[in-house]
Amino acid sequence: MPLAETEEIPLFPLNVVLFPGGPLPLRIFEPRYVDMVKRCMRDGAPFGVVAIRDGGAEAGESAAKTFADIGTSARIVDFDLLEDGLLGISCRGERRFRVLGHHRANDGLNVGRIAWLDPAPADIELASLPEEHAHLRDLLQRVWPEIVEAYAGIEPRFEDAGWVGARLAEILPLQNSDKQFLLELSDPLQRLARISPLLRRSNA
């Protein structure tokens, strides 16, 4: 299935790196993002999550204006009104994309012209996890009971190289720059190969 050449989607710069298949809980309070969430829910459309590059704030007038060129689309799977009166949404990462250009709408929302880097979730072919990376699968299986609550509704795929690599990249205590580097790798086996030295470095 050919990927769409370009598309416009709202962008949400955050101090996180979202991977396809990963969970993303958010508390929404800025009017521009409340409106964005309403439109996405009404249209059944995703928004794009891009990691902030300059370490700026996520919200307000001082919100960061520079962010990574490669991000991940997020689809809202649940929402609730929190005790503090804010809107809480549960999202799930879907597809990586490259930002070709962006502008700020009148309400301050970033809108990006993007090109998809991955097929739609239903069209993604699974990559079997090779034996040389079995230790990474085993690590994820050991910690899974401790993190499974955050992954509610997500079926584990411990033999899928892409899924294992994405989950480890999310949960390991890595710098966002390292997580972004891993996100930008298209080959799931290459991502697994790069995780091992990053894991040793984080444990040093």
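All of these numbers come straight from a predicted model, not from anything done at the bench.

Novice: Describe the layout of surface pockets, with residues and values.
Specialist: Its boundaries defined by the atoms lining it, the largest pocket holds a volume of some 610 Å³. As for the largest pocket, its lining consists of 28 residues, and the residues nearest its centre are Pro 20, Ile 124, Arg 157, Gly 162 and Trp 163. Residue assignment for the lining of the largest pocket shows that the elements contributing at least two residues are strand S5 (87-104), helix H3 (161-171) and helix H5 (188-203). When residues of the lining of the largest pocket are assigned to their parent elements, the largest contribution, four residues, is made by S5. For the lining of the largest pocket, the per-class residue count stands at 14 nonpolar, five polar and nine charged. Estimated volume of the second largest pocket: approximately 390 Å³. Around the second largest pocket, the lining comprises 19 residues; the ones closest to its centre are Pro 23, Leu 24, Pro 25, Cys 91 and Ala 150.

Novice: Now, about the nonpolar core: what can you tell me, with residues and values included?
Specialist: One finds Phe 19, Leu 140, Trp 144, Trp 163, Val 164, Leu 168 and Leu 182 to be the most contacted residues of the largest nonpolar core, which totals 28 residues. Residue assignment for this core shows that the elements contributing at least two residues are helix H2 (134-147), H3, helix H4 (176-184) and H5. It is H3 that provides the largest number of residues to this core, a total of six residues. Not counting residues within four places of it along the chain, the set of residues in contact with Trp 163 comprises Leu 140, Trp 144, Ile 154, Glu 155, Pro 156, Arg 157 and Phe 158. Counting 18 residues, the second largest nonpolar core, distinct from the first, contains Leu 24, Ile 28, Met 36 and Ile 76.

Novice: Got a sec to walk through the environment of Met 36? Specific residues and values, please.
Specialist: Mapped onto the elements of the fold, Met 36 is located in helix H1 (residues 31-43). Classification of Met 36 as buried rests on a relative accessible area of 1%. Distance from Met 36 to Phe 47, taken between C-alpha atoms, is 8.2 Å for residues eleven residues apart in sequence. The contact partners of Met 36, leaving out residues within four places of it in the chain, are Pro 10, Phe 12, Phe 47 and Leu 109.

Novice: Tell me what's going on with the environment of Trp 144, and back it up with residues and numbers.
Specialist: For Trp 144, the position within the fold is in helix H2. The spatial distance from the C-alpha of Trp 144 to the C-alpha of Pro 156 is 9.0 Å, given a sequence separation of twelve residues. Leave out the neighbours within four places in its chain, and Trp 144 touches Tyr 151, Ile 154, Pro 156, Phe 158 and Trp 163.

Novice: Describe the pairing of strand S1 (residues 7-14), with residues and values.
Specialist: Counting buried positions along S1 yields six of eight residues, so the element is predominantly enclosed. Across five bridges, the pairing between S1 and strand S6 (residues 110-116) is antiparallel. Looking at the pairing, Glu 8 lines up with Arg 113 of S6. Looking at chain direction, S1 and strand S3 (residues 47-51) are connected through four bridges and run parallel. Within S3, the position partnered with Leu 14 by the bridge is Ala 51.

Novice: Could you give me a rundown of the state of the cysteines, with the residues and numbers involved?
Specialist: The final tally for this structure, using the stated rule, is zero disulfides. You can see Cys 40 has no disulfide; the closest cysteine sulfur is in Cys 91, sitting 8.7 Å from it. For Cys 91, a relative accessible area of 3% gives the class buried.

Parameters at a glance
Residues numbered from 1 in each chain as written. Predicted model: local features only at pLDDT ≥ 70, side-chain atom pairs only at ≥ 80, totals over all residues. Heavy atoms only, no water. 1 Å grid on protein atoms, 1.4 Å probe; cavity = no way out; pocket = protein on both sides within 12 Å on 5 of 7 lines; lining within 4 Å. Points joined across faces, edges and corners; volume = space filled by probe spheres on them. Helix = DSSP H or I, 4+ residues; strand = E, 2+ residues; numbered from the N terminus. Nonpolar A, V, L, I, M, F, W, Y, C, P; charged D, E, K, R; others polar. Core = buried A, V, L, I, M, F, W, Y, C linked by side-chain atoms within 4.5 Å. Buried < 20%, exposed > 50% of the residue type's maximum accessible area, 1.4 Å probe, protein only. Contact = heavy atoms within 4.5 Å. Pairing = 2+ DSSP bridges. Disulfide = S-S within 2.5 Å.

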